[in-house]
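What follows is the residue order along each chain.
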Amino acid sequence: MSLWARVNQLPQPVLEQIRYIYGNSFPIEVRHYLAEWIEDRLLNVPVYQHEQDSAYEQEAATFLNQLINELERTAINLPEDNVTGRIRLNESARNFRQLFSHNPVQLYSHLINCLQRERQCIAYPEECVNVQDPEIAEVINGLQQLQMLVRANENDNRNLVKDYEHLLLEIHEITKNKAQMEAIDNAQLREHARAALAQQERNVNETVTLITGKRLNLVDNFRKTIQLTSQVQEKVLHKYLTQWKINQGFAGNGASGMSASNLDTIQAWCENLAEIIWNTKDQIRLAMKNKSKLNIEEPNLPDFLPQSLVEVTNLLKSLITTTFIIEKQPPQVMKTNTRFAATVRLLIGNTLNIRMSNPLVRVSIISEAQAQATQQSNKASEQSCGEIMNNTGNLEYNETTKQLSVSFRNMQLKKIKRAEKKGTESVMDEKFALLFQSSFAVGHGDLVFSVWTISLPVVVIVHGNQEPQSWATITWDNAFADINRVPFHVPDKVSWNLLAEALNTKFRASTGRSMTPENMHFLCEKAFRASLQYPVSNDLAITWSQFCKEPLPDRTFTFWEWFYAAMKVTREHLRGPWNDGSIVGFIHKSKAEDYLLKCPRGTFLLRFSDSELGGITIAWVNESNDGQPQILHIQPFTAKDFATRSLSDRIRDFEDLFYLYPNKPKNEAFDRYTTPPGQPRNRNYIPSEVRAVLMPSNNNPISYPNTPNSYGHLQSPDASRDTPTSGITDVTYRSDMTRPAYLPEARYGMGHSYASASYAGSNISSPAHSETSPMGPPTQEFPSPGSVGSPPPQMLPACVEQFNAGAGSPASQTTGGTTLPAELLQPGATGSLTLRTSASEQIIQGLMDHLLSDYQGQELDDVSMAQLNANNFYTTTTSSAVPGPQSSGGETAVSGPCSSPPMANGI
């Protein structure tokens, strides 16, 4: 069942919450009609944190184009009677093309987050219903009350204006009647007029009292409106918008939840507040103007209108300056002379006529000290500590999204001026920030506001090797910064559990799957360099130095460097197996061995190396000669190794590995990630393949049941390692390294040419030394002249010149006991093996006489086979795909110096 089908089975409140998650920019109808198509492409995509990555941007652009095409195709295929669906899908295709063509990452990330939230709602529907904070209802209800108050205030003010006009007419009438009364000569009429005038004055006084009451009631309503506006604005700005800004820091560590719909909702609230505040401000001004027209003194009544005007203006200023935000943060690890992007947005841009002026925004980079001064003075600094190209742009209004924003897509930091370092500080510890600033008039131009905002902290680097420590600085800051801090102060000591959660979030965002509680406990013990009880207490605290400054015991790297390298190699080379749970990764070597000792031979698990940065090793169960289980560890693989051959391919190569711990067949776990055999690019060439070979070491000889152990002479690939390992041979061998004997379970060469030597009409092959070796063929032992009868050494000359120089006459080397590996021998018809060569025939024949002095063509038993496998046979001979100048059908050509063996004809 698809994810969308399961979503539609959820209760109605959960469905409403999911609609809220998608927002207005992505119609829910698109999710419905393209459910399977969207899930096939996005369901297993991890929440990616590096949106500046060009590959990620290309992925997003490709997805957008495919989405638009799929919408148009689906609209055409809808039934003819579904006119509404067709119109909606075609409209969505047009909107997506218009809205996201220049920023496809915005839609791509939004959909990935929405699918993640759908999963959460299916897993925890009760929590999903409660995701909507009950205070959201308070904000919505508050805005509705304010809108009703504003409308009531408008009506009251309008009626009050009419009362004022009527009062002014009455006052004018009284003034006129007074003048007329003075002109009346008849005393009786004058008295009557005086009485009428007195009644008029009483009526006017009553009207004045009534109007005063209405005005005071209006002022009281203004104050109530301002008070409620302040409360709602406090929640919107200092809870929801602040939380959105905090989430930006968490998103820098890979956390999800930065839904575009959340910000759209906040913008809608801010626009409502702006209209309410501006309307209230106009109403207060009107009330003050009308009161001044009457010129009525009210000595016993305080005038609250001027104070109310100040308060509402301050609310407007706070709203405007706070809603100037960075919608898309710049990269927090910024490399000089590298393109980067950022987007700023004014959440009230659709009101107050701000969009009409297209305000200019300027960007500069400031130091931590300059950021502190800017915050303290509440005034944008005119200073900067670097030079940024393409750092100006105009806020532009988008009619479709109703957003006023500007995207800086091609900024580039050219220069940076650093502060003096103190103590052990490095450039990777120094924090900067981008300062965005602008100014514009609102309303009818009577108020001008200067706005600014500071980005999340940024670390500036000049080289890629500075990235790990820089990300340590940013990770710590994003996880533990307080929103009201002095820039950019962070605690020096934090709870381990909080840090573990931040590391888990970062690892999940980078690789696609969270760590297990056991994994995080392992990290805890590694960070504290001690064994700790599980679970650890919330009181356990870790310092900044322990996190990324102090090297781990007996190591040259810190805890963070080790963790970062493991995360990086997993993201780049091991994502699939890690997401499948095929890699344990974070586990102690001793615990891994304890697990494996209970398993049958050939069971293995994968763990991150303790001794090598970004290394992953395979531990597996083998049997020693006495039949007891033996745990061996393969030399760790790093990203450099995976560039040659993937982990899954290497595991396939190792025939000693059968089951992934605890009992999963290895092909079932890894075959889906192995490289399929490719077609030869040119049929005129012999195809070759790179494979991995196990090389036993002195400390860990590989033993096989009922097989004598004859590998004691082999050297460890790296004897300096603190963890004994079985080595892995690659395409070439070092000249200072003894060649390994062939193992029955691992007869693989890696990238070798192959030589063919003819023996009585039958071909046998031995791997020729790769001419790609940077050191040339190895110097190998050979009997010195006069050593007839002495036990033959196990190592043979790599080429003819070494044979001539070290062996003298081939005739003097007719000793017994040295044999070729069994897979190289095929007895001839007469029981003898004769080598036919086209060059240096006498030398090669002498070499073969030495090797086969005691061999009579008999069938080999198990003991002889084991002895044969303990020997090595290497030459620089190369085979010819077709007969050529140096060789002819099936014969072997040997020529050239040791350091440069001849290439086969046609290869």
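- Labelled according to an unreviewed UniProt entry, the protein appears under the name Signal transducer and activator of transcription, originating from Aedes albopictus.
- Turning to the protein, the UniProt annotation filed under Sequence similarities (unreviewed entry) states: "Belongs to the transcription factor STAT family."
- The protein has a UniProt comment under Subunit (unreviewed entry) that states "Forms a homodimer or a heterodimer with a related family member."

### So, the side chain of Ser 438
Part 1 of the reasoning: In this fold, Ser 438 is placed in strand β9 (residues 432–442).
Part 2 of the reasoning: On the accessibility criterion, Ser 438 (9% relative accessible area) is buried.
Part 3 of the reasoning: There is a polar contact of 2.7 Å between the side chain of Ser 438 and the backbone oxygen of Leu 360.
Part 4 of the reasoning: With near-sequence residues (within four places) excluded, Ser 438 lies in contact with Phe 324, Pro 359, Leu 360, Val 361, Phe 449, Ser 450 and Val 451.

### A word on the side chain of Ser 495
Part 1 of the reasoning: As for its placement among the helices and strands, Ser 495 is situated in strand β12 (residues 493–495).
Part 2 of the reasoning: Judged by its relative accessible area of 17%, Ser 495 is buried.
Part 3 of the reasoning: Within polar-contact distance, the side chain of Ser 495 engages the backbone oxygen of Asn 538 at 3.3 Å.

### Some thoughts on the packing of aromatic side chains
Part 1 of the reasoning: All chains considered together, the criterion is met by 30 aromatic pairs.
Part 2 of the reasoning: Where Phe 408 meets Phe 436, the ring centres are 6.0 Å apart and the plane angle is 50°; that geometry is what we call tilted. Of the two residues, Phe 408 sits in strand β8 (residues 403–416) while Phe 436 sits in strand β9, which places them 28 residues apart along the sequence.
Part 3 of the reasoning: Owing to a relative accessible area of 0%, Phe 436 belongs among the buried residues under this scheme.
Part 4 of the reasoning: The ring of Trp 562 carries Lys 526 above its face, with NZ or CZ at 4.5 Å from the centroid.

### Examining the packing of helix α4 (residues 35–42) against helix α5 (residues 54–77)
The relative placement of two packed helices is expressed as an angle between their axes plus a distance between the axes.
Part 1 of the reasoning: Running from N to C, α4 and α5 point in directions that differ by 165°, and their axes come no closer than 11 Å. Comparing the axis directions of α4 and α5 gives the class roughly antiparallel. Crossing geometry of α4 relative to α5 is assigned as right-handed. Side by side, α4 and α5 meet where Trp 37, Arg 41 and Leu 42 of the first sit next to Phe 63, Gln 66, Leu 67 and Glu 70 of the second.

### Examining the sheet that holds β9
Part 1 of the reasoning: Taking strand neighbours across the sheet as the criterion, the four strands line up as β6-β4-β9-β10 in an open arrangement whose pairing is antiparallel. Strands with a single pairing partner mark the edges of an open sheet, and in this sheet they are β6 (392–394) and β10 (447–454). When the angles between neighbouring strand axes are averaged without regard to direction, this sheet yields 25°.
Part 2 of the reasoning: Relative to β6, strand β4 (residues 360–367) runs antiparallel, the two sharing three bridges. The partner of Arg 362 across the bridge, within β6, is Thr 392.
Part 3 of the reasoning: Helix α13 (residues 368–377) contacts β4 and β10 of the sheet and is inclined by roughly 125° relative to β4.

### Concerning the packing of helix α14 (residues 467–480) against helix α15 (residues 496–511)
Part 1 of the reasoning: Between α14 and α15, whose axes approach to 10 Å, the crossing angle comes to 115°. α14 and α15 meet at a crossing whose hand is right-handed. Residue-level inspection shows Trp 471, Thr 475, Trp 476, Ala 479 and Phe 480 of α14 in contact with α15, the latter providing Leu 498, Leu 499, Ala 502 and Lys 506.
Part 2 of the reasoning: Across the contact of α14 with α15, the residue classes break down as seven nonpolar, one polar and one charged.

### Here we look at α5
Each α-helix winds once per 3.6 residues, and so residues spaced three or four apart point in a common direction.
Part 1 of the reasoning: The end-to-end C-alpha distance of α5 is 35 Å, a good match for the 34 Å that 24 residues give at a rise of 1.5 Å each.
Part 2 of the reasoning: Burial in α5 covers these residues: Tyr 56, Ala 60, Phe 63, Leu 64, Leu 67, Ile 68, Glu 70, Leu 71, Thr 74 and Ala 75.
Part 3 of the reasoning: At its buried positions, α5 is contacted by α3 (28–33), α4, α6 (83–100) and α7 (104–123).

### What about the pairing of β8?
Part 1 of the reasoning: Two strands pair when backbone bridges link them, and strand β3 (residues 339–346) and β8 are joined in this way by seven bridges, in the antiparallel orientation. Looking at β8, one finds that Val 344 is bridged to Val 406.
Part 2 of the reasoning: One ladder, built from four bridges, connects strand β5 (residues 386–389) with β8; its direction is antiparallel. Bridge assignment links Ile 388 to a residue of β8, and that residue is Leu 413.
Part 3 of the reasoning: Across three bridges, strand β7 (residues 396–398) lies against β8 in antiparallel orientation. Across the sheet, residue Tyr 397 finds its bridge partner in β8, namely Leu 404.
Part 4 of the reasoning: Where β7 folds back onto β8 in an antiparallel hairpin, the turn is made up of four residues, including Lys 402, whose phi is positive at roughly 60°.

### Considering the sheet that holds strand β14 (residues 603–608)
Strand pairing in a sheet takes place through backbone hydrogen bonds and is either antiparallel or parallel in direction.
Part 1 of the reasoning: Taken together, the five strands give an open sheet; going across it, the order is β16-β15-β14-β17-β18, and neighbouring strands pair in mixed fashion. Of all the strands in the sheet, the pair left with one neighbour each is β16 (629–633) and β18 (664–665).
Part 2 of the reasoning: By the bridge criterion, five bridges tie strand β15 (residues 616–623) to β16 in an arrangement that is antiparallel. Bridge assignment links Glu 623 to a residue of β16, and that residue is Pro 629.

### Examining unusual backbone geometry
Part 1 of the reasoning: The step from Pro 487 to Phe 488 runs through a cis peptide bond, and the omega angle for that step is -15°.
Part 2 of the reasoning: As for its placement among the helices and strands, Phe 488 is situated in the loop between α14 and β12.
Part 3 of the reasoning: Cis geometry marks the peptide bond from Tyr 534 to Pro 535, where omega comes out at -5°.
Part 4 of the reasoning: On the secondary structure map, Pro 535 appears in the loop between α16 (517–528) and β13 (541–543).
Part 5 of the reasoning: Notably, Arg 529 is not glycine yet its phi reads approximately 60°, a positive angle.
Part 6 of the reasoning: Note on placement: Arg 529 falls in the loop between α16 and β13.

### Thoughts on the pattern of salt bridges
Part 1 of the reasoning: Following the criterion strictly, the structure yields 30 salt bridges and no others.
Part 2 of the reasoning: One salt bridge connects Arg 31 with Glu 118, and the closest N-O pair in it is separated by 2.9 Å. A residue pair is termed long-range when its members are at least 10 positions apart, and Arg 31 in helix α3 and Glu 118 in helix α7 qualify at 87 residues.
Part 3 of the reasoning: Residue class for Arg 31 comes out buried when judged on its relative accessible area of 0%.
Part 4 of the reasoning: Look at Glu 118 and you get buried, because its relative accessible area is 1%.
Part 5 of the reasoning: Between Glu 173 and Lys 176 there is a salt bridge; the shortest N-O distance is 3.6 Å. Linking Glu 173 with Lys 176, this pair stays in helix α9 (residues 134–183), spanning three residues, or about one helical turn.
Part 6 of the reasoning: Residue class for Glu 173 comes out partly exposed when judged on its relative accessible area of 30%.

Parameters and conventions
- Residues numbered from 1 in each chain as written.
- Predicted model: local features only at pLDDT ≥ 70, side-chain atom pairs only at ≥ 80, totals over all residues.
- Heavy atoms only, no water.
- UniProt positions renumbered as here; feature names shortened; annotations may be inferred.
- Helix = DSSP H or I, 4+ residues; strand = E, 2+ residues; numbered from the N terminus.
- Buried < 20%, exposed > 50% of the residue type's maximum accessible area, 1.4 Å probe, protein only.
- Polar contact = N/O pair within 3.5 Å; in protein donor to acceptor, adjacent residues only side chain to side chain.
- Contact = heavy atoms within 4.5 Å.
- Phe/Tyr/Trp six-rings, centres within 6.5 Å; stacked < 30°, edge-to-face > 60°.
- Lys NZ or Arg CZ within 6 Å of the ring centre and 35° of its normal.
- Axes fitted to C-alpha atoms, helices over the stretch in contact; angles between N-to-C directions.
- Parallel < 35°, antiparallel > 145°, perpendicular 65-115°, else oblique.
- Left-handed = near helix turned anticlockwise from the far one by under 90°.
- Pairing = 2+ DSSP bridges.
- Nonpolar A, V, L, I, M, F, W, Y, C, P; charged D, E, K, R; others polar.
- Expected span 1.5 Å × (residues − 1).
- Salt bridge = Lys/Arg side-chain N within 4 Å of Asp/Glu carboxyl O.

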